[in-house]
Each structure stands twice: as C-alpha cells, then as structure tokens.
Amino acid sequence: MKSLLSLRVISKLRVAEHIIAIDLVSEDGEDLPVYEPGSHIDLHLAPGLSRCYSLYGRNSERNVYRIAVLREHEGRGGSRHIHDQLSLGDVISATPPRNNFPLHTAPHHVMFAGGIGITPVLSMAWSLWERRESFHLHYCGRSLDRMAFRGELTTAPFASNVSLYTNDAAPSEQLDINGVFSDTPPGTHFYTCGPTGFIDWVEKNGALYNLDSAHFHHEHFAAEIDTKGDEFEVFLARSKLTVNVHENETIASALLRIGLEIPISCAQGVCGTCITTVLEGIPDHRDQYLMDSEKKSNSLMTLCCSRAVSKRLTLDI
Ligand code: FES
C-alpha cells in the first residue's frame, strides 16, 4: 500500500451555493504525484472519517491538488467537517490519486456532468483541450448559482465545447439528450458523473441508440444504497473468525464489532476501497463500483454496502 501524502490547505473559497473549492499542496513543498484526469484522492479528515474527492484541476499542474466539496446537509459528516472545520494552514493526510474514471482513446468524447459531478469532468475537459482532442461537455445544474466553475467554463479556451443547462430554464433550453446521442460520430465515448438518477437517465437514453455499452463510463458522485436485509454469516478464511451480519448492519461494521477494521472511504459502494475477494457464497451486490461481469463472477464484493444471497459467505480476510 502506498504511503499517505501530507497536504496543507492553502485556499478555501466559496465557488457556488453550498460549494467550496479547496487547494492542497504538499506539506514539504515538493511536487505532488502526477494524476490522470478523472482521478480522486481520499482525505483522512479525522479518525474514522475519510472521504474521496475528485481532482478538478489541470493535471499538468504538479504542485497542487484542487477539490470542490458540496455541503450535504443529509450526509454523514464528511462535507460538513470540511466546510465548518477545515481551515487555511491545516495539514491533512490523503491517499495518492487513484483513477476509476479514465479517459479512453476515441475520435470524440462527450461528457455529462450533474451538479458537483462537474469536478472530474472539468479536469478531463482541460486535458482533452491540451491534447487537442474533440469533445463536448454538457453540464446540468438546478440553477446557475448552484453550478460551480461556470465562470471558468464560459471563459475557458474550450468554452465553445461546453453547454450549460439548468432545471429552471425553459424546456427549449434544457439538455436534448436524444439530440446528443443521435448526432455523435461513430466510436464516441460517453462519460457521466453525478447523482445516480442522473447517470441512469443518461445511460438509459444512450441505450436506445444501439451504441456500444463499453463506450459508456460513469462515476457516481453519491449513491443511495440500501444496506438492510436478512441476517447472514461471514467466515473469514485467513483469520478463522466467524461473524453474523445483522439485519441493519454492513459487513464492514460487523467486522469492526469484532475488532477488525478494513479500509473504508465512501461507505456508499462507489469508490472501490473496500473490495474483497469472496472465496465461497453468493454476494448480494448493492454497490455502483464493480462491473456487471465482476458482480456475476461472485469472486469480489464491496464490504461497505453489499450483503449476501447465500446464508454464508467466506471472505479472503
Ligand atoms: Fe467505497 Fe466501499 S468504501 S466502495
């Protein structure tokens, strides 16, 4: 496992309603590890409080990581901690960048961003522009004052490749999703980031156009996960321990109950941090991270939210 980075907060600015942007530099002033557009880092905010955030800056910048955080009033505390308690000069630890949402080789790229889902997509747009590749970015928000970086997007050198839409606009000014899919060159790749409902809406419409499903890529900004279900048993093959996972418990919290702490970041089945090998049994996959083929193989599962179809699972822990 790579060692954690030590990052200092050098800027904290409001960039839209309920959204702040934070710049982080290496505590020792050295360059930071290079990242690809679409990458995220996990911030370790406090003991037991770790959250992942996409990097929205230009990945050619070597000395700063830029993140933007939406205050989630109904969230589990990570965004409130950043909004209310993180201050200029604070030093926090973070994982080096990881990328679950990379750009692919394609003649044309179409990105859809919903709300704060703009963050990885903005980094992708800068990278595609720097590489002189063909792309268009469709950015949807509830209203203009809730859309972070719209100033940057409308003045960027690629501003003509960006379209903004708001829920409160006239129907004729809303995103014409069917127009987008019926008018893209062959081989186009599609990238969507935002809430689950937004991603589903984009991809369900895309599926009507006989496009290659391997050309659709997404990253959930937040997921609604139901972690409830019947009690089942988990056997840990390496530790030789057995634990019952109760009706309202996750496997991760059942393991914590018996003193085993596994790495958790999003706790919503979207980041992949808690993926574990399944040796026996059939998982009930509730995450948004694993690919369908991985889910069908029954050999991997996320412990922060997925449960079991079988009465017992054996995990490689
Ligand atoms: Fe993110 Fe489980 S902690 S998928």
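Every value quoted in this text rests on a predicted model; they were computed, and no experiment measured them.

Enquirer: Hey, could you run me through the overall build of the chain in this one?
Expert: The helix and strand tally for the chain stands at seven helices and 18 strands. The C-alpha radius of gyration computed for the chain amounts to 20 Å, which stays within 12% of the reference 20 Å derived for 317 residues, consistent with globular compactness. Classification of the 317 residues of the chain by burial places 50% in the buried group. Considering only residue pairs separated by 6 or more positions, the chain has 66% of its internal contacts joining residues 24 or more positions apart. Looking at the chain as shown, the accessible area adds up to about 15000 Å², and 49% of this sits on carbon and sulfur atoms. Separation between the mean location of the 28 positive side-chain charges and that of the 39 negative ones in the chain comes to 3 Å.

Enquirer: In this structure, what is going on with the pairing of strand β13 (residues 241–245)? I would like to understand it.
Expert: Looking down a regular strand, the side chains alternate between one sheet face and the other. With five bridges joining them, strand β12 (residues 232–236) and β13 adopt antiparallel strand pairing. Each residue of the ladder has a partner; that of F232, found in β13, is V245. Between the antiparallel neighbours β12 and β13 lie four residues, among them K240 with a positive phi of about 60°.

Enquirer: In this structure, what is going on with the sheet that holds strand β1 (residues 5–16)? I would like to understand it.
Expert: Sheet strands pair by backbone hydrogen bonding; their relative direction is either parallel or antiparallel. One open sheet accounts for six strands, arranged β4-β3-β6-β1-β2-β5; its pairing is antiparallel. Taken across any chain shown, the strands that pair with only one partner, and hence form the sheet edges, are β4 (49–54) and β5 (65–70). Pairs of neighbouring strands in the sheet enclose a mean axial angle of 40°, with direction left out of account.

Enquirer: What am I meant to see in unusual backbone geometry here?
Expert: Leaving glycine aside, a negative phi is the common case for residues, and trans is the common case for peptide bonds. You will see that H18, though not glycine, has its phi angle at about 70°, which is positive. Here H18 falls in the partly exposed class, since its relative accessible area comes to 31%. Of note, N298 is a non-glycine position whose phi angle comes to about 60°, a positive value. Structurally, N298 is set in the loop between α7 (292–297) and β16 (300–302). Judged by relative accessible area, N298 falls into the partly exposed class, the value being 25%.

Enquirer: Mind showing me how you'd approach helix α5 (residues 196–207) here?
Expert: What sets the pattern is the α-helix's 3.6 residues per turn: residues three or four places apart point alike. In this model α5 runs 16 Å from its N-terminal to its C-terminal C-alpha over twelve residues, within 8% of the 16 Å that 1.5 Å per residue would give. Looking only at α5, the buried set comprises T196, F198, I199, V202, N205 and G206.

Enquirer: Explanation requested: the nonpolar core in the structure shown.
Expert: Generally speaking, nonpolar side chains in soluble globular proteins are found buried as a group. Grouped together as the largest cluster of nonpolar side chains are 29 residues, with contacts concentrated most on M111, I118, V121, L137, L153 and F158. The set of elements that each furnish at least two residues to this core consists of β2 (19–26), β7 (109–114), α2 (118–130), β8 (135–141) and β10 (189–195). It is α2 that contributes the most residues to this core, seven residues altogether.

Enquirer: Got a minute to help me understand the sheet that holds β16 in this structure?
Expert: Taken in spatial order, the five strands line up as β13-β12-β18-β14-β16 in an open sheet, and their pairing is mixed. The sheet is open, and its two edges are formed by β13 and β16, each paired on a single side. For this sheet, the mean angle separating the axes of adjacent strands, direction not counted, is 40°. Taken together, the two bridges between strand β14 (residues 275–280) and strand β18 (residues 312–315) define a ladder with antiparallel strand orientation. Note on β18: the bridge partner recorded for E280 is T314.

Parameters at a glance
As a convention, each chain's residues are numbered from 1 in the sequence order in which they are written. Only residues with pLDDT of 70 or above have their local features reported here, since the model is predicted, and side-chain atom pairs are shown and tallied only from 80 upward, although totals for entire chains, interfaces and linings are computed over all residues. Computation of side-chain values: all heavy atoms of the structure, hydrogens and water removed. Secondary structure elements follow DSSP: runs of H or I of four or more residues count as helices, runs of E of two or more count as strands, with numbering from the N terminus. Only C-alpha atoms enter the radius of gyration; for comparison, a globular chain is expected to reach 2.2 Å times N to the power 0.38, where N is the number of residues. Using a 1.4 Å probe on the protein chains alone, a residue whose accessible area is under 20% of its type maximum counts as buried, one over 50% counts as exposed, and one in between counts as partly exposed. Whether two residues are in contact is decided by their heavy atoms: any pair within 4.5 Å suffices. Only the protein chains shown count as cover for residues, with accessible areas throughout obtained via the Shrake-Rupley method and a probe of 1.4 Å. Positive charge is attributed to Lys and Arg, negative charge to Asp and Glu, and no charge count is given to His or to the chain ends. The atoms used to mark charge sites are NZ of Lys, CZ of Arg, CG of Asp and CD of Glu. Here, strands pair whenever DSSP counts at least two bridges between them. Axis geometry follows a simple rule: fit a line to the C-alpha atoms, using only the stretch in contact for helices, then measure angles between N-to-C directions, giving values from 0 to 180 degrees. Any helix carries an expected span of 1.5 Å times its number of residues minus one. Side-chain atoms within 4.5 Å are what join buried Ala, Val, Leu, Ile, Met, Phe, Trp, Tyr and Cys residues into a set we call a nonpolar core.

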